[in-house]
Amino acid sequence: MSAPLHFQTIAELSAKLAAGQLSAVELTQAIIARTKAIEPRVHAFNSFDEPAALALAAASDTRRSAGQSSGALDGIPVGLKDVIAVAGQPLTASSKMLANFVSPYDATVTQKLQRAGAVLHGRLNCDEFAMGSSTENSAFGPSSNPWDLTRTPGGSSGGSAAALAAGAAVATLGSDTGGSIRQPAALCGLVGLKPTYGLISRYGLIAYASSLDQIGPFARTVEDAAIMLGAIAGHDPRDSTSFKTAIPDYRAELKTRRSPWKLGVPKEYFGAGLDPEVGAAVEKAIAFYRSQGCEIREISLPHTQYCLDTYYIIATAEASSNLARYDGIRYGHRTSAAKDLLDVYQKSRAEGFGDEVKRRIILGTYVLSSGYYDAYYLRAQKVRTLIRQDFLNAYREVDALITPTSPIPAFKLGEKSADPLAMYLCDIYTIGVNLAGLPALSLPCGFTQSGLPIGLQLIGQPFREADLLATAHSYEQAHGWNTQFPSL
Amino acid sequence: MINYEAVIGLEVHVQIKTHSKVFTRVGAGFGHEPNTLTDPVVLALPGTLPVMNKAALDAIIKAGLLLGCDIAPVCKWDRKQYFYPDSPKNYQISQYDQPICLGGSVEIELPGAARNLMGEHKKIPLTRIHLEEDVGKLNHHATDSLVDYNRAGTPLMEIVSEPAMQTAEEAFAYLTSIRNTMIYGGISDCDMEKGQLRCDANISIRPVGEKKLGTKVELKNLNSISYVRDGIAHEIKRQLAVVAAGGKLVQETRDYDGVAGTSQSLRSKEMAHDYRYFPDPDLMPVHVDEGWKAELRRACPELPFDKQRRLIADYQIPYTITSVLIPDRALSNFFEATAQLAGMGRSQAVGNWITNDLLRELGAAKLPLSASKISAANLAALIQLIDAGTLLNAAAKEVFATMFATGEAPVVIVARLGLAAAPTDTGELEAWCRESIAANAKALAEFKSGKDSAINAFKGPIMKAAKGKANPKLVDETLRRLLAEA
Amino acid sequence: MSQPAELNIDRVAELSRLALTPEEKTRFAAQLGSILGHIEQLAKVDVSGIEPTAHAFPLNNVWAADVAQPGLAVSAALLNAPAQRDHMIVVPKVVD
């Protein structure tokens, strides 16, 4: 018996659309109905445009009946994290600062998805300006984890994970600066992919930390992630950090058999702070790969202990600069209590930003300020080189790395919100990947005894997403974790 | 009593003439309706990213080559951070510790002893030239200010001199030389009224012989070339007066009011700056290789002062003519083309015709040289006709006026208007006149009876005999003299 | 390497253009103090001779040809403006 429509995959639904067993309008209506049913409990969306979604779905059906379908994503409802611009739609970054902002332009990924025929139905909740690991920093309230509504879906792309896990979208996009796709994917039982830095255009993605940010998909299966990646990857002349590289057919590549791989297990990722249930599930996954003929080798990433500090210097420095544009002058929140220009700046920003954003702006401003630049920012950039070198050295021995995604499963809403450092520690296994610019994905590898999803992280080599997806696919094919759905 | 000397360094901003902005492709330009030259990048909308403009890089490297700078093999982009409403991102993309051009110098000419004498030349050393983006424009009103972002993102070069000038005249000459060089290179039109060339000056005074620099005052808003001279002269005088009165100079920024000829300290409440420069993660570095430099070097024109020296040497024309020709690259090129066609010994005449007559006509018609209908070949031909004695000076002026109006070749005009000088043999002309009178008794009778126009009847056969080359005026005069005798 | 001094929250808030309440200043200073304490361990890393990484995959000479393209209509440019007049953004009088 197949799953209800709202829990089916892109692969399944696109086959039905192609066979004429389902129309895009019917599918979109089903997703809208599901969204209305779960949204009061999950709060995954910041904005939802039902008429626009239905119009896009109708256009998809018209294309299909004219024999001009655009492919696997044509007619598929896809949600975007509310940091990705869609012309004519709100773009808030879950901040009071942009509560009333409407984007006059499209992000490059938006245009690519539209060209692929996707039905972009809503913009998804996240931590304010993508800063956080729980969505509790959203100015519009947190999202809940569909597996346990008292818990966080993770963050910062928590809404993207929660909406997909709850059946309110068929796939979603998030952004990942320090783990913001992979950690919520792990906490919500989904596949989440952070591509190599430069594979996906950042044009139209609200910048948090420019040298680390990367857009990526959430999907129910590795195959769906491959379909999504194929739709959004590729060089963009509007992003100077975008890489010119051939984009393979990721979906077709899944079926190309990879010879048994050498997988590295970085010992630093299995130390103190790792939840035993998570550790056990990851060990089982490692055993599976060994059983498939993969060589498993323990390796060391000796600068791992410095990742968090390096990240918080680089990310906050870039953020303090990237967020200077939110000043209440050209757009965004402007205080009503300004006596003069300085007031417009100081009060608009004080009123428009939440605590975590303010903390990171202050930290970032401090590490760049006169007299501290060398000790903090420049030093962090050098340590970043060492961290990157660790990974490149590992890849001389192994083809990919296997680690837990998050040290712990989904935690209770409110549990860590008073302690920024404890919250930052949620990202210890994901941050190094961003500093090194590597591709990595999280995929489900089991559940805790209390029924919370556990995620496995596979870290690949630059621009070799096809290998990474194939490695994940072989595990997924042998396990059925993604055939279980939260009951709500 | 201590003698003081002034030390002046200039920071000159030059807008680069490109079709699109420096980090996005919306059009760049002056004089458009407010906020019509923006796009999401210019307005720093959430999610936007910069992309370099190749032409702006070409232009600054070319400027560096023209001024003898070292072109850095690698340069990068930094964010200069400060909050101001004309700066949409609240940081300006600029170059901090790795500018694209280092060193170099600007050759200047100081005023000569007399107008017709070349002044002393010297070289003012440069510190650096870097590329950055211009900011928007604030329009101040009684109770608020309005922001127009059309100018924001226009490519802007900052040319920084060493503190190596001593007088306002030197600063004036420095700016003039930069302007001429940039115009020659096609890098900028340097129209100060349009803000394409802007200048801030750092001025201090110190006892003569002292090596250490004195307290520096930054003088802003030197918005025209004459304000640069006047403002700096005023500031030096002010500093000398403060010191003479036993006062102490303070490091400050002062605003020069060119109309009133006064300056005042900018005492805004602004907090002390900390620009927090750091490398812009959205942009990649620029690598300049020898091939790229060579390509741009080939596109570099001869520098204005080099050209001036060459014109004086090769064409033997006076300094005064070159000082009119040189600031205008097209005009000096027109001179050279004409002089080469006109031939040896006629260069001064060419210079005179261009700097006197052509510029006067263009000025009266309010036309640029590019709209002139007079070709170098035609002007050269005119001068050759004069030189050959075919055209008398008064007639030549008339031919020139017609050339300016119609663009025709001088020979065509001369023929049509019959302006050619008479054959040198006036005896021959007189003989033709006598023959014509003798052959037409009827016209003679009519003329004698008072019908003045009857004289025209004699002219046809004379012109025919002269093959059209008789000077009509002379023909007329000769006929009247002979008719009076007849 | 010089030992970083205490975070001067007033000065940094001023540079960041954030009007913080006294309570926020105290709270943020304490929270950031513990984060900075954690960050201090970076001082132990030997980075001599190590080049800084600005981009994970450095490219160079990424540019576009100088061809002007249409921009935003004024109405779109000012779509989100908090205050506008005569097609321009209104700000409190700037004293410079």
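Residues numbered from 1 in each chain as written. Chains lettered and ligands numbered in written order. Predicted model: local features only at pLDDT ≥ 70, side-chain atom pairs only at ≥ 80, totals over all residues.

**Some points on the overall build of chain B**
Step number 1: On a plain count of helices and strands, chain B comes out with 15 helices and 18 strands.
Step number 2: A compact globule built from 486 residues should have a C-alpha radius of gyration of about 23 Å, whereas chain B, at 31 Å, is more than 25% larger.
Step number 3: Summarising its shape, the C-alpha atoms of chain B cover approximately 100 × 65 × 55 Å along the three principal directions.
Step number 4: Residues classed as buried in chain B amount to 42% of the 486 residues present.
Step number 5: In chain B, the share of contacts with a sequence separation of at least 24, taken over all contacts with a separation of at least 6, comes to 69%. (Helix = DSSP H or I, 4+ residues; strand = E, 2+ residues; numbered from the N terminus. Rg over C-alpha atoms; globule rule 2.2 N^0.38 Å. Buried ≥ 20, exposed ≤ 12 C-beta atoms within 10 Å, placed from the backbone. Contact = placed C-beta atoms within 7 Å.)

**Structural notes on the overall build of chain C**
Step number 1: A tally of regular secondary structure across chain C gives three helices and three strands.
Step number 2: Ordered by position in the sequence, the α and β elements of chain C form the string α-α-β-α-β-β.
Step number 3: A globule of 96 residues ought to have a C-alpha radius of gyration of about 12 Å, yet chain C, at 23 Å, is considerably larger.
Step number 4: Based on the C-alpha atoms only, the size of chain C along its principal axes is roughly 55 × 45 × 25 Å.
Step number 5: The proportion of buried residues among the 96 residues of chain C is 28%.

**What to know about the pairing of strand β10 (residues 137–140) of chain B**
Residues and elements named next belong to chain B.
Step number 1: Across four bridges, β10 lies against strand β11 (residues 144–148) in antiparallel orientation. From the neighbouring strand, asparagine 139 faces β11, where its bridge partner is leucine 146.
Step number 2: Following β10, the chain reverses through three residues before pairing antiparallel with β11. (Pairing = 2+ DSSP bridges.)

**Comments concerning the domain arrangement of chain B**
All names here are of chain B.
Step number 1: Looking at chain B, the domain boundaries give domain 1 (4–295), domain 2 (311–406) and domain 3 (426–485).
Step number 2: Each of domain 1 and domain 2 has a C-alpha centre, and the two are 37 Å apart.
Step number 3: Opposite the seven residues of domain 1 that make contact, domain 2 presents five residues. (Domains from an automatic or database assignment.)

**So, the sheet that holds strand β3 (residues 119–124) of chain A**
Residues and elements named next belong to chain A.
Step number 1: Spatially, the eleven strands line up as an open sheet ordered β1-β3-β2-β4-β6-β5-β10-β11-β9-β7-β8, and their pairing is mixed. Both edges of this open sheet fall to β1 (45–48) and β8 (295–299), since each of them pairs with a single strand only. Strand-to-strand, the axes of this sheet are offset by a mean angle of 30°, without reference to chain direction.
Step number 2: Where strand β7 (residues 262–266) lies against strand β9 (residues 400–404), two bridges are found, and the strand directions are parallel. Counted as the bridge partner of leucine 263 is alanine 400 from β9. (Axes fitted to C-alpha atoms, helices over the stretch in contact; angles between N-to-C directions.)

**Some words on the interface of chain A and chain B**
Step number 1: The interface is formed by 35 residues belonging to chain A together with 25 residues belonging to chain B.
Step number 2: Contributing elements (two or more residues each) for the side of chain A that touches chain B: α10 (307–322), α11 (341–352) and α12 (355–368) of chain A.
Step number 3: With three residues, α10(A) is the largest single contributor of residues to the side of chain A that touches chain B.
Step number 4: For the side of chain A that touches chain B, the per-class residue count stands at 19 nonpolar, nine polar and seven charged. (Nonpolar A, V, L, I, M, F, W, Y, C, P; charged D, E, K, R; others polar.)

**Considerations on the packing of helix α12 (residues 426–439) of chain B against helix α14 (residues 456–465) of chain B**
Residues and elements named next belong to chain B.
Step number 1: Contact pair α12 / α14: the axes reach a minimum separation of 9 Å and the direction vectors enclose 140°. Comparing the axis directions of α12 and α14 gives the class oblique. Of the two possible hands of crossing, α12 and α14 adopt the one that is right-handed. Of α14, the residues touching α12 (which contributes Trp432, Cys433, Ser436, Ile437 and Ala439) are Phe458, Pro461, Ile462 and Ala465.
Step number 2: Taken together, the residues of the contact of α12 with α14 sort by class into eight nonpolar, one polar and no charged. (Parallel < 35°, antiparallel > 145°, perpendicular 65-115°, else oblique. Left-handed = near helix turned anticlockwise from the far one by under 90°.)

**Details of the interface of chain C and chain A**
Step number 1: Listed by partner, the interface residues are 43 residues for chain C and 56 residues for chain A.
Step number 2: Taken together, the elements giving at least two residues each to the side of chain C that touches chain A come down to α1 (9–15), α2 (22–39) and β3 (88–92) of chain C.
Step number 3: In terms of residue count, the dominant contributor to the side of chain C that touches chain A is α2(C) (seven residues).
Step number 4: For the side of chain C that touches chain A, a count of residues per class yields 32 nonpolar, nine polar and two charged.

**So, the environment of Tyr289(A)**
All names here are of chain A.
Step number 1: In this fold, tyrosine 289 is placed in helix α9 (residues 276–291).
Step number 2: Given 22 C-beta atoms within 10 Å, tyrosine 289 falls into the buried group.
Step number 3: In sequence terms tyrosine 289 and threonine 471 are 182 residues apart; their C-alpha atoms lie 9.2 Å from each other.
Step number 4: If we ignore the near neighbours within four places in the chain, the residues touching tyrosine 289 are Leu263, Cys294 and Ile296.

**Describing the sheet that holds strand β17 (residues 278–279) of chain B**
Residue and element names in this part refer to chain B.
Step number 1: Here we have three strands laid out as an open sheet, ordered β6-β5-β17, and antiparallel in their pairing. For this open sheet the edge positions go to β6 (91–94) and β17, each flanked by a neighbour on one side alone.
Step number 2: Judged from the two bridges that link them, strand β5 (residues 78–81) and β17 form a sheet pairing that is antiparallel. Pairing of aspartate 78 across the sheet is with proline 279, part of β17.

**Concerning the packing of helix α1 (residues 54–66) of chain B against helix α4 (residues 290–298) of chain B**
Residues and elements named next belong to chain B.
Step number 1: In contact at an axis separation of 9 Å, α1 and α4 are set at 75° when each is read in the N-to-C sense. Viewed along their axes, α1 and α4 adopt a mutual orientation that is roughly perpendicular. Facing Asp58, Ile61, Lys62 and Leu65 of α1, the residues of α4 in contact are Lys293, Leu296 and Arg297.
Step number 2: Taken together, the residues of the contact of α1 with α4 break down into three nonpolar, no polar and four charged.

**Some points on the nonpolar core**
Step number 1: Membership of the largest hydrophobic core comes to 267 residues, with the highest contact counts inside it found for Ala171(A), Ala225(A), Leu469(A), Ile60(B), Ile100(B), Ala171(B) and Tyr174(B).
Step number 2: The greatest single-element share of this core, amounting to ten residues, is contributed by helix α2 (residues 168–184) of chain B.
Step number 3: Excluding residues within four positions of it along the chain, Tyr174(B) makes contact with Leu10(B), Val106(B), Ile108(B), Ile124(B), Ser161(B) and Met165(B).
Step number 4: Phe335(B), Val350(B), Leu379(B) and Ile413(B) belong to the second-largest nonpolar core, a separate cluster that totals 31 residues. (Core = buried A, V, L, I, M, F, W, Y, C linked by C-beta atoms within 7 Å.)

**Notes on the environment of Pro302(A)**
Residues and elements named next belong to chain A.
Step number 1: Along the polypeptide, proline 302 turns up in the loop between β8 and α10.
Step number 2: We classify proline 302 as partly exposed; it has 14 C-beta atoms within 10 Å.
Step number 3: Spatially, the C-alpha atom of proline 302 lies 18 Å from that of glutamine 461, the residues being 159 residues apart in sequence.

**Quick word on the confidence of the model for chain C**
Residues and elements named next belong to chain C.
Step number 1: When the pLDDT values of chain C are averaged, the result is 91; 94% of them are 70 or greater.
Step number 2: The spread of mean pLDDT over the elements of chain C runs between α2, the lowest at 93, and strand β1 (residues 63–64), the highest at 98.
Step number 3: Across the predicted assembly, pTM comes out at 0.91 and ipTM at 0.97. (pLDDT = per-residue confidence, 0-100.)

**Brief notes about unusual backbone geometry**
Step number 1: Put simply, Gly155(A) and Ser156(A) share a cis peptide bond, and its omega is 5°.
Step number 2: The backbone of His43(A) shows a phi angle near 50°, a positive value even though the residue is not glycine.

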